Amino acid sequence: MFIQQLINGITVGGVYALIALGYTMVYGILELINFAHGEIYMLGAYLGIIILGFFTAVGLTSYSLPLALILTFVLSTIFCASYGFTIEKVAYKPLRNAPRLSPLISAIGVSIFLQNYVMLTQGATDKVFPHVLENEGFEINGIRVTYIQLFIIAASAVLMIFLHIFITRTRMGKAMRAVAQDKVMASLVGINIDTVISMTFVIGSGLAAVAGLMVAMYYGLVNYSIGYIAGIKAFTAAVLGGIGSIPGAMFGGILLGLVESLSAAYISSEYKDAYAFIILIIVLLIKPTGLFGKSHEEKV
Amino acid sequence: MEKLILFSLVVSALIFSGCQKKEDAIKIGVAGPMTGDQAKMGTDFKNGITLAVEEWNSKGGVLGKKIIALVEDDQHDPKQAVSVANKLVNAGAAGVIGHFNSSCSIPASDVYNRAGIPMITPASTNPQLTEKGYSGVFRVCGRDDQQGKVGAEFVINNLKLKKIAVIHDKTTYGQGLADEFKKFVKKNIDIVYYSGIIQGDKDFKTVLTSIKEKKPELIYFGGIYPEAGLLVKQARELGLDIPFMSGDGTIDPKFIEIAGAKAAEGTYLTFSPDAKKISTAKKFVEDYEKKFEEIGPYSIYAYDATNIMLSAIKEAATTNGKAVIEKLHSMEFGGALGKIKFDKKGDVTVAPYVVWTTKDGKFEEFWKP
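Residues numbered from 1 in each chain as written. Chains lettered and ligands numbered in written order. Predicted model: local features only at pLDDT ≥ 70, side-chain atom pairs only at ≥ 80, totals over all residues. Heavy atoms only, no water.

Re the overall build of chain A
A tally of helices and strands in chain A yields twelve helices and four strands. Computed over C-alpha atoms, the radius of gyration of chain A comes to 19 Å, within 12% of the 19 Å expected from 2.2 N^0.38 for 300 residues, which places it in the range of a compact globule. Counting only C-alpha atoms, chain A reaches 60 × 45 × 40 Å along its principal axes. The proportion of buried residues among the 300 residues of chain A is 51%. In chain A, the proportion of contacts linking residues at least 24 apart, taken out of those at least 6 apart, comes to 76%. Just so you have it, chain A exposes about 13,600 Å², and 71% of that area is on carbon and sulfur atoms. Mean positive and mean negative side-chain charge positions of chain A (16 and 14 charges, respectively) differ by 11 Å. (Helix = DSSP H or I, 4+ residues; strand = E, 2+ residues; numbered from the N terminus. Rg over C-alpha atoms; globule rule 2.2 N^0.38 Å. Buried < 20%, exposed > 50% of the residue type's maximum accessible area, 1.4 Å probe, protein only. Contact = heavy atoms within 4.5 Å. Areas by Shrake-Rupley, 256 points an atom, 1.4 Å probe, with all protein chains shown as cover. Lys, Arg positive; Asp, Glu negative; His and termini not counted. Charge placed at Lys NZ, Arg CZ, Asp CG, Glu CD.)

What follows is the structure in structure tokens.
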């Protein structure tokens, strides 16, 4: 049963990690906690339901389910990425030179706006995701893994590897790291800061969309407020790993998933949400920058 | 905004002054969630009352006076419920049918008790409501503790199980129901797992994995349909193919939709009997559905509550609160639900719970205690 609990934890952890990446990337570059990030995740889940519903209506789902699913993923990722891009342009860019608190408040405003926008257009009740891969899975030694779980774990791992390669090996990745270190110096050596920032939001939002869609498929239930608690958890994961650090966000997400799962299994399920935050407090007391965080040197 | 407030004040003043002029009318207060996400329940409720009032009026009213229903919206908000209660008392309501939610009925009952008028709730099942010692508080529906008892009897006598798991969602309703159920089963059945989950959470695999390890024969859940649906779905995903049982909070088509018809098959739910299957309710169901839409789960309770209130006023031959309350305690009423009598606390003497099951994606009545 321990292994079963590990699999449960890693599945949830993978999702937390994907969302946490968006928080940590934006923080690394803008030192802004993008509170609207959880809502992008929620939008990803809703768009998945809408797009898949459309494909079912036109008959694509019955023609080829894998094709319909791939297209759903691609389309909702593109939609969410453009949401992320637009949010940055509308709500954060005009405030780039304002005091640090202003973009933070703007982020909270965007979050509230998006929640209400979805509530008013899609209704306040729970939406059910179509049962596409109903309970299917396999069993080894009494440990049951569903295909969706396998898919979530694999997809999170692949996306994180891709992201790592992107950040360390490509020109754009290098530019991102440069902007994260010093915006002014980066612009002096000819890096277009606006493009880099937009790219950060696009990638972060795309990852959140994938996470949202996978969660919608996994649990089959979506409502307008799921982004809030997922956002808080992912933020915790990012802080746990050291905000601003990409490997930290990945590690923090998985760790958070495991802590929740194992503590709920072996201590008590009633305080499941509390354990994650207890771990957070302990880590911050011992290592205030988080597990992978570097202490911040004052820029002169 | 100020203009709006002023306007609504003027309008309400006009309405009330309008009412007060008709001194030959008997006013019955109606309070429930008429707007918002529970508006459907409020409408079912109002329709049942309207039907009863129209039937009485067509027969010449009560004590030679016409009956007027004063409908108020409490938005299932306890604060709003208190202000609505005050409004109804000030408007001179002889009695109140309402409220819908236990969280509203409980604070509103303070107001009605102080004013000395009777209230009959068609739907509030929390035991606390009638435990406050107010003589004028009645309910025609059952209580959560009676519901837990019926569920327990079913599991012990009908399913004859030996090992079960009990979970709840930590709310007043959910934990209350689960605890009552536990209280009645623990003598005969081994409870191998008991714990709470978080309402609004989506991941219950951890809890279910722990439950699977203990090998129970049934899972009992105190809570409402979103979590119940997810629990059933995720249990099947883990290969945990044991029956699932819950209470009236789960009997909603969304439950089957979330869990999936295949996973939800054979779930047991304690709920009030199917109105369409009660012999005495036949005429009511026909009349209601001819006039309005399909009957809701609590329409029949609202209808009977109104008839009971008006019969008591008729027997007391006055709208004086004290006299009406006395009659409510002493009389036995024959309504669409069958015979109803109140005990000292104001609860019905026979708990109207039965066990329903899910079959081919639909709910149907299954077992009577």
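Some remarks on the pairing of strand S2 (residues 137–140) of chain A
All names here are of chain A. Where S2 meets strand S3 (residues 143–146), four bridges bridge the pair, whose relative direction is antiparallel. Across the sheet, glycine 137 pairs through a bridge with threonine 146, a residue of S3. Connecting S2 to the antiparallel partner S3 that follows it, the hairpin turn spans two residues, and asparagine 141 within it adopts a positive phi of roughly 50 degrees. (Pairing = 2+ DSSP bridges.)

Details of the side chain of aspartate 347 of chain B
Residues and elements named next belong to chain B. Here aspartate 347 is to be found in the loop between strand S12 (338–341) and strand S13 (354–359). Using a relative accessible area of 3% as the deciding quantity, one classes aspartate 347 as buried. One polar contact links aspartate 347 to threonine 130, side chain to side chain, over a distance of 2.9 Å. Discounting chain neighbours no more than four positions away, the residues touching aspartate 347 are Thr130, Arg139, Arg143, Lys341 and Phe342. (Polar contact = N/O pair within 3.5 Å; in protein donor to acceptor, adjacent residues only side chain to side chain.)

Description of a nonpolar patch on the surface
All names here are of chain A. Where nonpolar side chains cluster on the molecular surface, the patch consists of Met1, Phe2, Ile3, Tyr266 and Ile267 and spans about 520 Å² of accessible area. Mapped onto the elements, tyrosine 266 comes out in helix H11 (residues 246–266). Judged by relative accessible area, which is 47%, tyrosine 266 ranks as partly exposed. (Patch = residues over 30% accessible without salt bridge, like charges linked within 9 Å, V, L, I, M, F, W, Y side chains within 5 Å. Salt bridge = Lys/Arg side-chain N within 4 Å of Asp/Glu carboxyl O.)

Notes on the domain arrangement of chain B
Residue and element names in this part refer to chain B. Assigned domains within chain B: domain 1 (2–142 + 278–336) and domain 2 (145–271 + 353–367). Look at where the C-alpha atoms of domain 1 and domain 2 centre, and you get two points 33 Å apart. Counting residues at the interface gives six residues for domain 1, matched by six residues for domain 2. In this assembly, domain 1 packs against domain 2 so that about 460 Å² is buried in total across both faces, 52% of it on carbon and sulfur atoms. Contact with domain 2 buries area across many residues of domain 1, yet Thr125, Pro127 and Gly142 alone supply 58% of it, more than any other trio. (Domains from an automatic or database assignment. Buried area = accessible area lost by both parts, 1.4 Å probe.)

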